[in-house]
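Remarks on the overall topology
The residues making up each chain are set out below.
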Number of protein chains: 2
Amino acid sequence: MLTKNVKQMVEDQAVAAKKAAKVLGMLTTEEKNDVLLTLADALEDRYQDILNANEVDLENGRKNGFEEAFMDRLALSKERVYDFAKGLREVAQLKDPVGDVLSDWTLENGLHVSEVRVPLGVIGMIYEARPNVTVDATGLALKSGNAIILKGGSSAISSNKAIVDVMHEALEKTIIPKEAVQFIESTDRAATEALFTMKEHVDVLIPRGGGALINAVVNNATVPVLETGVGNCHLYVDADADVQKALAILVNAKTDRPAVCNAAETLLVHQKWFEQHKQELIRTLNEHNIGVHGDETVVEAIPGAMLATETDWAEEYLSLDIAIKVVSDENEAIDHIDQYGTKHSEAIITENKQTAQKFMSLVDAAAVYHNASTRFTDGGALGFGAEIGISTQKLHARGPMGLPALTTIKYLMSGNGQIR
Amino acid sequence: MLTKNVKQMVEDQAVAAKKAAKVLGMLTTEEKNDVLLTLADALEDRYQDILNANEVDLENGRKNGFEEAFMDRLALSKERVYDFAKGLREVAQLKDPVGDVLSDWTLENGLHVSEVRVPLGVIGMIYEARPNVTVDATGLALKSGNAIILKGGSSAISSNKAIVDVMHEALEKTIIPKEAVQFIESTDRAATEALFTMKEHVDVLIPRGGGALINAVVNNATVPVLETGVGNCHLYVDADADVQKALAILVNAKTDRPAVCNAAETLLVHQKWFEQHKQELIRTLNEHNIGVHGDETVVEAIPGAMLATETDWAEEYLSLDIAIKVVSDENEAIDHIDQYGTKHSEAIITENKQTAQKFMSLVDAAAVYHNASTRFTDGGALGFGAEIGISTQKLHARGPMGLPALTTIKYLMSGNGQIR
């Protein structure tokens, strides 16, 4: 009975969001930007309320004995809240994709056809600990003319609720109805599951978080999903790799921010290169405290290396650990990536252009690098501005998703009585 | 045990298709076109074998007492087989989207980024009676560099198998391995269901057929789906509609080809227009033998009209029947379309530009028409060339899907040691 009520409540919110989306789809870019700036000001003005609410989440987190890294993602500060506001102001600067005419032409019979970008409608955002997603996703959704339903993790419920309260109060002074931003307060799992099948009212679900969350959404949702984030990224160091480039890219891709999805998780090394340069490789791994899990060749050659299991090849470490496999050539590297990669970011280090081209053609991933770190797969780094996530799927959007990923197209046909 | 074998067999086929897809992704446009022309010649050369196989399906159909319209879709002739070949030659003429550079730029650090179109990989095509899909889908898949797994309806199994045999034999003389075209011979439902969850090997499923087939795929597949086809299309005749245009468009949209997805299924009429023009409307409906199901106003005004039920508003007739509802204004029409439309094609007939603009902005569909028949939602009519289906979803592709819908993008990054 409780479950049924939760489902009904979520449906009511989705219906309200859909109605608000109609208003949003008709607004000009300027009107939407004004709203984003109003929200930014409100967050700064009321940062203390948000910090107070965050303290409740932190207190609960301490009681529950959450890990330090998790607590760090959860913790807000005046500076972090101001960064949220800055993020919204940056989204206001981004080009509005809505209304773009992608193509238009006139048929011989005079029927005029125009393909225009329009908002998707209602976005369901399902995410975990970090409260910044509440603001970032709202900003990107509103700018692209979409309503949003926010379903954050229960560990950040108090912070998220405070942030949404501030945004709702601010929206009341704007042209956008506050119903355009829906926040699901229930931490009942049924609330999330209700979103999975609400095809009539929700146009897309975007899960952001760990692999378990993403798989739960992908496997159970009938609403279309934009799959984001899991990055089991590989570096392949070819026989013809420059040693300095290879080691610098390894260090950057593995240690710059080990917990992010574009960090490297497996190093594939051509056997010749490995034979010639293993001493430099070992020194570099040691200097940067990188823990090694490897195949038998690696375990024999690298002191302290543990024998890798299937899990080491298949999963992200998101830590200073790396799996290392010695391969006989680029074909074996490509096959390994085919088997274990998550179609996120893959790199080859080589001075051989032909080998590089082959690798870039045959590896199936959102981003394939030649002689550069996988860390560049990021909306900010590539100049897209803010991103709603990094797509690891092939349909609709691939790689860092900016505002256009939150739109669809519509054919507008104007005639004077044309029949076929 | 049988079920398990079927699943394993389908998986083996999918793995072979994935391997063949790697070869396909590397071919030039010319190489692919040559293959299509070879297939076209082979189909013409061996049309008699195909007709013989078709006779088996027709005989079974007669035994099973299939309807005439169904038998007509199933029946092949020399002319129809030659049309398949013609279709392949037309696909050879289409622009190859693979390799198109959609954008490219260089970051300040010198990293060169290029966004290129690449094939999706392996397409799973699940379809019903018409054997032409076997050829059309294969042609579009190969041209766009994709392997294809064909799962046709059991009523056409003999025809489809003969067509695939001809294509396989022809492929053996070409650069494309015959494994690029997989045909699932089993009519066990488990074979289709195996495709639903084969995410590792199949990149997209495209169901083509009736609503039941499409819903089964959408609701059960974890492989991404390109949803096609169900068109519960509306004509809204506004208070300011021109009588001649309205009636001509009604007749065309309803009667030109009633069984196709872009045919009109419901007529929404502004009450003023209905009051003024109902006699002309009745005459037109009678002249074209259109069966009327209507609301109470309609039933009172139109002799022989039956009272419409929920099903009349919600489902396609695909026949010379139409549902008619009298509405008080365009808002009621838009709300009705929101509730019952399938986001395919919707039209407004009016001389009032403001009302037209409002309708076109607020109606959420792949194609929205002003003063024209919904029948133009078609790849051929719009000048896209052959289409793989008409998407009624919002992600990836919307409306008629040509070759670009069978591709994704990939970011290729070339550097000389860039790290972040």
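Not measured: the values here are computed from a predicted model. (Residues numbered from 1 in each chain as written. Chains lettered and ligands numbered in written order. Predicted model: local features only at pLDDT ≥ 70, side-chain atom pairs only at ≥ 80, totals over all residues. Heavy atoms only, no water.)

1. Regarding the nonpolar core
Core analysis: the largest hydrophobic core is formed by 78 residues, its most contacted members being A:Leu43, A:Met125 and A:Leu205. Discounting residues that sit within four places of it in the chain, A:Leu43 has contacts with A:Ile50, A:Val81, A:Phe84, A:Leu88, A:Val135, A:Ile163, A:Val166 and A:Met167. If you look at the next biggest cluster of nonpolar residues, it comprises 77 residues, including B:Val122, B:Phe196, B:Leu213 and B:Ala397. (Core = buried A, V, L, I, M, F, W, Y, C linked by side-chain atoms within 4.5 Å. Buried < 20%, exposed > 50% of the residue type's maximum accessible area, 1.4 Å probe, protein only. Contact = heavy atoms within 4.5 Å.)

2. Thoughts on the sheet that holds strand β3 (residues 122-127) of chain B
Residues and elements named next belong to chain B. With parallel pairing, the four strands of this open sheet are ordered in space as β5-β4-β3-β6. The outermost strands of the open sheet, each flanked by one partner alone, are β5 (181-183) and β6 (204-208). If you compare each strand with its neighbour and ignore which way they point, the axes differ by 20° on average. Lying over the sheet, helix α8 (residues 189-196) contacts β3, β4 (147-151) and β6, oriented at roughly 145° with respect to β4. (Pairing = 2+ DSSP bridges. Helix = DSSP H or I, 4+ residues; strand = E, 2+ residues; numbered from the N terminus. Axes fitted to C-alpha atoms, helices over the stretch in contact; angles between N-to-C directions.)

3. Structural notes on the sheet that holds strand β7 (residues 233-237) of chain A
Overall, mixed pairing links the ten strands, which are arranged β10(A)-β9(A)-β11(A)-β8(A)-β7(A)-β12(A)-β13(A)-β16(B)-β2(B)-β1(B) in an open sheet. Single-partner strands in this sheet number two, and they are β10 (306-307) of chain A together with β1 (101-106) of chain B. The sheet contact formed by strand β8 (residues 264-270) of chain A and strand β11 (residues 321-327) of chain A spans five bridges and is parallel. By the bridge assignment, A:Val269 is partnered in β11(A) with A:Val326.

4. Details of the pairing of strand β3 (residues 122-127) of chain A
All names here are of chain A. β3 sits mainly inside the fold: six of its six residues count as buried. By the bridge criterion, five bridges tie β3 to strand β4 (residues 147-151) in an arrangement that is parallel. Note that in β4 the partner of valine 122 across the bridge is alanine 147. Following the backbone out of β3, through helix α6 (residues 132-143) and into the adjacent parallel β4, one traces a crossover that is right-handed. Where β3 and strand β6 (residues 204-208) come together, five bridges link them in parallel fashion. Residue pairing in the sheet places isoleucine 126 in a bridge with proline 207 of β6. (Right-handed = clockwise from strand over helix to strand, strands pointing away.)

5. Describing the side chain of B:His168
Note that B:His168 resides in helix α7 (residues 157-171). Residues within four places of B:His168 in sequence aside, it is in contact with B:Lys178 and B:Val181.

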